[in-house]
There are 2 protein chains.
Amino acid sequence: MEVIGSASHEKAGLICRGWWWFKALVVGVATKTMKLGRDDPRRVIHALKVGLALSFVSLFYYFRPLYNGFGDATMWAVLTVVVVFEYTVGATLGKGLNRGLATLLAGALGVGAHHLATLSGEKGAPMVLSIFIFILAAAATFSRFFPGIKARYDYGVVIFILTFSLVSVSGYHADKILQLARQRLSTILMGGCICLIISIFICPVWAGQDLHNLIALNMEKLADFLEGFGGEYFESDHGDEKSASDGSKSDKSFLQGYKSVLNSKATEESLANFARWEPCHGFFRFFHPWDQYLKVGSLIRQCSYRIEALSDYINSDIQAPLEFKKEIQGACIKMSSESGKALRELASGVRTMTQNGSTDIHIANSKNAANDLKSVLKSTLTKNADLLQIMPAATASALLVEIIKCIEEIAESVNELGRSTKFKIVDPTLTALEIKQQPQTLLHRGIVNPLDTDCPHIFIEVDGPSDLSPPGNVNSKVPGGGASTSN
Amino acid sequence: MEVIGSASHEKAGLICRGWWWFKALVVGVATKTMKLGRDDPRRVIHALKVGLALSFVSLFYYFRPLYNGFGDATMWAVLTVVVVFEYTVGATLGKGLNRGLATLLAGALGVGAHHLATLSGEKGAPMVLSIFIFILAAAATFSRFFPGIKARYDYGVVIFILTFSLVSVSGYHADKILQLARQRLSTILMGGCICLIISIFICPVWAGQDLHNLIALNMEKLADFLEGFGGEYFESDHGDEKSASDGSKSDKSFLQGYKSVLNSKATEESLANFARWEPCHGFFRFFHPWDQYLKVGSLIRQCSYRIEALSDYINSDIQAPLEFKKEIQGACIKMSSESGKALRELASGVRTMTQNGSTDIHIANSKNAANDLKSVLKSTLTKNADLLQIMPAATASALLVEIIKCIEEIAESVNELGRSTKFKIVDPTLTALEIKQQPQTLLHRGIVNPLDTDCPHIFIEVDGPSDLSPPGNVNSKVPGGGASTSN
């Protein structure tokens, strides 16, 4: 009895554990799903759009007139929707065009190869076709190693190999090879059109807009660090006891945000590649200078590397003597916060597509602070006896000087972007609302009233409208970890 | 006559220009092709392998017994070869398994959905099927946003959606739906097997091996910089006039190599994802700790960010006074070159899968040099009057100290990798040849003879065999810009 009792007990325990495990799994997946959806609701919409496109294209099978027209080739419409429908309009358009053009070209070549093969008799044809397939597949596969082809036409090359092989060998059995090619091409065209229409007209996700926002967001992340760094580094000595007595760490996430910028290259490049396929939308033209965004992005990364080196000094074991820190504190906090403000202004300018002089004022302020630091350093040496002890703080300040240089380069590059995309030059007498209402009169460009020879890119100064609403959905999230670069 | 003469002249000029343009194009493409092939001959072999696989699978169409068995489903074999055959074995295997399993699962679900739909009558079936497709496609598409699924099962999800849609809607017209599913599955299986056999048995490219080599290569690039930095920074003052009179810059490529390390994250992660699919090969087991490689890679990148900050000081406008530079020169050159040597030893250890104590000796030497620097800095202040002037050199030396800390962390992580993958512990009494010949007796692990409490990871010291030949093709190039991550 006891044995049976313990066995049933064990079984109940096993079921209980299994149920608990299942519940934990479901709760875990549900939580992650909710988080993914909440982080960027466009992901949910994208999933629904794909479902809609597939349900729609499957109707081809049910309507007899359509199905009778295309027969089994109908499946190519389904296949096209599944593999072409991507997260952003640019990726979908790029894949659709790649697929369409590659099918057309390879189809024509395949028909040609099939005709040539038939000339060599029934026994020779398979050999001739095999040789053709070998040569074309090898050459096309090798071409995928060219970086330029890889970036924009990789999918097209795959479809080229696929279609050429299928058309040339299918022809060996199908008598009506031209009809076959025509059917496939038209179903692929239909599938592609359904993808494009749904992708563009139902809550479109533009890769160009995302790249634009990503560049602004990355600048804001660096600005968060720089605006917080001065206080964190120089005031940590005073706050040490306080935070220890609190027993809890305050939110230091602003010091970590820049880390995602360090590895942003791949995302930026893929967004730029997709953006190049996108038609004119909102403020973005077809030949929008996406390369300039990549240049700005690269300079932002350069700056983030220096910030990464600077971050070593926040929690360094060796802290400089308090009196030395106090001497350089004013200049360093100003350098850090002013350069942070400059970056924030640049980000805001990119988001609102405006140019104003406040960036250059902040840069000039930070350069002045750097000059103040130099004077302090010149006069400090006689008072401090130990160079070793003051080294960490001095190094941190030297890195800040390098960061200011980086930010100057970023500002120059953003101004270049502003000139080529005709950012609005902001007039300080207008309110934010008026600026939005009068785009035409402001769409001129030029350098107005330079304030200082050190700052050649200063436009009309403005203090007010830094909260201009951005064009389009500029507050939307960056498509991190999205499905945009797959297949 | 003159008009005709000038027209024909113009025409001849046009033809001449066209011919010149065509010739330039052909020469340009040929040069690039040669370079790509010479940089990594495995690319040429990969292209030939794809050609071979496709020619082979197209034979299915020509042999009547095979074609009669599968009919039009034969095309799925071709399609599978084109989309599954990737550059590395891991990527091919991952895609093949994803395709096979997803087809199996989605096929079963599709047949089930088709049966359920038939229960709701001829008119209700299309609606039920459409709803099924909508729900499954939307859910599966959303799942692609989960980073874990995206990294390893993205292709499987696409194939799942594709197969489910095709099987469930094809069933609406095909009476023999089970036969259709069986035919497709077996042709996909055949295509996948052909890919795998050719990928594994003809000059295989292992993603694991490539990741292993990439980690070693990245350490070598940082070592190149560090070994060269000291001489470049401290000796540039003496060499300035010489290089100016030469009129040509000497080869400074060793100072640029580290830049590719800054953006190596995406390549490392995709190689690790592919490597996880690969079976046991050479020294790599199925459950090889690829995550540890990613950790080492991440620490190497951390170090490269500091090096990027340090590189600012090589060509800085403000150079420290010669006498101060001379004072710290010895310590800094030693810090730089010893830390470079430590990295080179670590790289050589990874390449040869051995652990020896020389890394820790170099790290200890660089730390001693850092201590020497500290003494110099302590005594310097009284002699130098201008802190501002000595700042650049002092900052560079402070960054070198941070770099040494990074290298210590890298060494710790590489030792951890060595312990988990059982790197050989090198016995200094054996020659390089003997080490290669006696792997069994050396495949033990443990910490032997720690030399110093500062260096807990010191194994048996060895001076000799730094030129041990690596396992497998370790000198092969990293698949940069290759076709490995596509589709």
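Residues numbered from 1 in each chain as written. Chains lettered and ligands numbered in written order. Predicted model: local features only at pLDDT ≥ 70, side-chain atom pairs only at ≥ 80, totals over all residues. Heavy atoms only, no water.

- The name recorded for chain A in an unreviewed UniProt entry is Aluminum-activated malate transporter, from Stephania yunnanensis.
- Recorded under Sequence similarities (unreviewed entry), the UniProt text for chain A is reproduced unchanged: "Belongs to the aromatic acid exporter (TC 2.A.85) family."
- As its UniProt record puts it under Subcellular location (unreviewed entry), chain A is described as follows: "Membrane". (UniProt positions renumbered as here; feature names shortened; annotations may be inferred.)

Comments concerning the relation of the copies chain A and chain B
At step 1: Once turned by 180° and shifted 0.0 Å along the axis, chain A lies on chain B with an RMSD of 0.1 Å. As the rotation angle and translation indicate, the two copies are arranged about a two-fold axis.
At step 2: Of the interface residues in chain A, 100% have counterparts in chain B that sit at the interface too, so the contact is made through matching surfaces. (Least-squares fit on C-alpha atoms with pLDDT ≥ 70 in both. Contact = heavy atoms within 4.5 Å.)

A word on the confidence of the model for chain A
Residue and element names in this part refer to chain A.
At step 1: Per-residue confidence for chain A gives a mean pLDDT of 79, with 78% of residues at or over 70.
At step 2: This stretch, residues 238-249, has a pLDDT under 50; its non-local contacts, to residues over four places away or in other chains, come to two contacts.
At step 3: Note that residues 438-487 has pLDDT below 50 and, in this model, 120 contacts with residues that lie over four places away or in other chains.
At step 4: With pTM at 0.81, the complex prediction returns an ipTM value of 0.80. (pLDDT = per-residue confidence, 0-100.)

Considering the packing of aromatic side chains
At step 1: A complete count under the given rule lists 25 aromatic pairs over all chains for this structure.
At step 2: Here the aromatic rings of F286 of chain A and F287 of chain A are separated by 4.9 Å at their centres, their planes lie at 75°, and the arrangement is edge-to-face.
At step 3: Look at F287 of chain A and you get exposed, because its relative accessible area is 68%.
At step 4: Ring centres of F142 of chain B and F146 of chain B lie 6.3 Å apart, and the angle between their planes is 85°; this geometry places the pair in the edge-to-face category. Take F142 of chain B and F146 of chain B: they sit in the same class, and that class is buried.
At step 5: Ring-pair connections join several aromatic residues into one group, and the members of that group are Y87 of chain A together with F142, F145 and F146 of chain B.
At step 6: Above the face of the Y155 of chain A ring, K95 of chain A is positioned so that its terminal group lies 4.7 Å from the ring centre. (Phe/Tyr/Trp six-rings, centres within 6.5 Å; stacked < 30°, edge-to-face > 60°. Buried < 20%, exposed > 50% of the residue type's maximum accessible area, 1.4 Å probe, protein only. Lys NZ or Arg CZ within 6 Å of the ring centre and 35° of its normal.)

As for the nonpolar core
At step 1: M219 and I410 of chain A together with M219 and I410 of chain B are the most contacted members of the largest nonpolar core, which has 144 residues in total.
At step 2: The contacts of I410 of chain A, once residues within four sequence positions are left out, are M219, V296, L299, I300, C303, L343 and L346 of chain A.
At step 3: The next biggest cluster of nonpolar side chains, apart from the first, holds 82 residues, and it includes V57, F164 and I194 of chain A together with I133 of chain B. (Core = buried A, V, L, I, M, F, W, Y, C linked by side-chain atoms within 4.5 Å.)

Some points on the UniProt feature "transmembrane region" (unreviewed entry) in chain A
Residues and elements named next belong to chain A.
At step 1: If you check UniProt for "transmembrane region" (unreviewed entry), the listed places come out as residues 44-63, 75-94, 101-121, 127-146, 153-173 and 185-207 in our numbering.
At step 2: In this annotation, residues 101-121 is assigned 95% helix and 0% strand; the end-to-end C-alpha distance for the span is 31 Å.
At step 3: Along residues 127-146 the backbone is 85% helical and 0% strand, and the end-to-end C-alpha distance reaches 30 Å. (Helix = DSSP H or I, 4+ residues; strand = E, 2+ residues; numbered from the N terminus.)

Digging into the environment of A125 of chain B
At step 1: Within the secondary structure, A125 of chain B sits in helix α6 (residues 121-143).
At step 2: For the pair A125 of chain B and N371 of chain B, spaced 246 residues apart in sequence, the C-alpha separation works out to 81 Å.

Notes on the environment of F324 of chain A
Residue and element names in this part refer to chain A.
At step 1: Examined against the element boundaries, F324 turns out to sit in helix α13 (residues 322-352).
At step 2: You can call F324 buried: its relative accessible area is 0%.
At step 3: With 66 residues separating them along the chain, F324 and I390 place their C-alpha atoms 6.9 Å apart.

What about the pattern of salt bridges?
At step 1: Across all of its chains, the model carries 38 salt bridges over all chains by this definition.
At step 2: Note that R306 of chain B and E308 of chain A form a salt bridge whose closest N and O atoms lie 3.2 Å from each other. Linking R306 of chain B in helix α12 (residues 290-311) with E308 of chain A in helix α12 (residues 290-311), this pair reaches from one chain into another.
At step 3: Among the residues examined, R306 of chain B registers a relative accessible area of 4% and is labelled buried.
At step 4: A residue is classified by how much of its surface remains accessible, and E308 of chain A, at 1% relative accessible area, is buried.
At step 5: A salt bridge links R42 of chain B to D210 of chain B, with the nearest nitrogen and oxygen atoms 3.1 Å apart. Taken as a pair, R42 of chain B in helix α2 (residues 42-62) and D210 of chain B in helix α9 (residues 207-246) lie far apart in primary sequence, 168 residues in all. (Salt bridge = Lys/Arg side-chain N within 4 Å of Asp/Glu carboxyl O.)

Some words on a nonpolar patch on the surface
Residue and element names in this part refer to chain A.
At step 1: A surface patch of nonpolar side chains, about 820 Å² in accessible area, is lined by W19, W20, W21, F22, L25, V26 and V29.
At step 2: Within the secondary structure, W20 is located in helix α1 (residues 2-39).
At step 3: Classification of W20 as exposed rests on a relative accessible area of 61%. (Patch = residues over 30% accessible without salt bridge, like charges linked within 9 Å, V, L, I, M, F, W, Y side chains within 5 Å. Areas by Shrake-Rupley, 256 points an atom, 1.4 Å probe, with all protein chains shown as cover.)

Some words on the interface of chain A and chain B
At step 1: In this complex, chain A contributes 90 residues to the contact, which on the side of chain B involves 90 residues.
At step 2: Carbon and sulfur atoms supply 71% of the area buried between chain A and chain B, which totals about 8,200 Å² over both sides.
At step 3: Applying the counting rule to chain A against chain B returns four salt bridges.
At step 4: Close ionic contact of R306 of chain B with D312 of chain A constitutes a salt bridge, the shortest N to O distance being 2.5 Å.
At step 5: Put simply, chain A and chain B have six residue pairs in polar contact (both at pLDDT 80 or more) between them.
At step 6: It is helix α2 (residues 42-62) of chain A that provides the largest number of residues to the side of chain A that touches chain B, a total of 14 residues.
At step 7: Partitioned by chemical class, the residues of the side of chain A that touches chain B number 52 nonpolar, 21 polar and 17 charged. (Buried area = accessible area lost by both parts, 1.4 Å probe. Polar contact = N/O pair within 3.5 Å; in protein donor to acceptor, adjacent residues only side chain to side chain. Nonpolar A, V, L, I, M, F, W, Y, C, P; charged D, E, K, R; others polar.)

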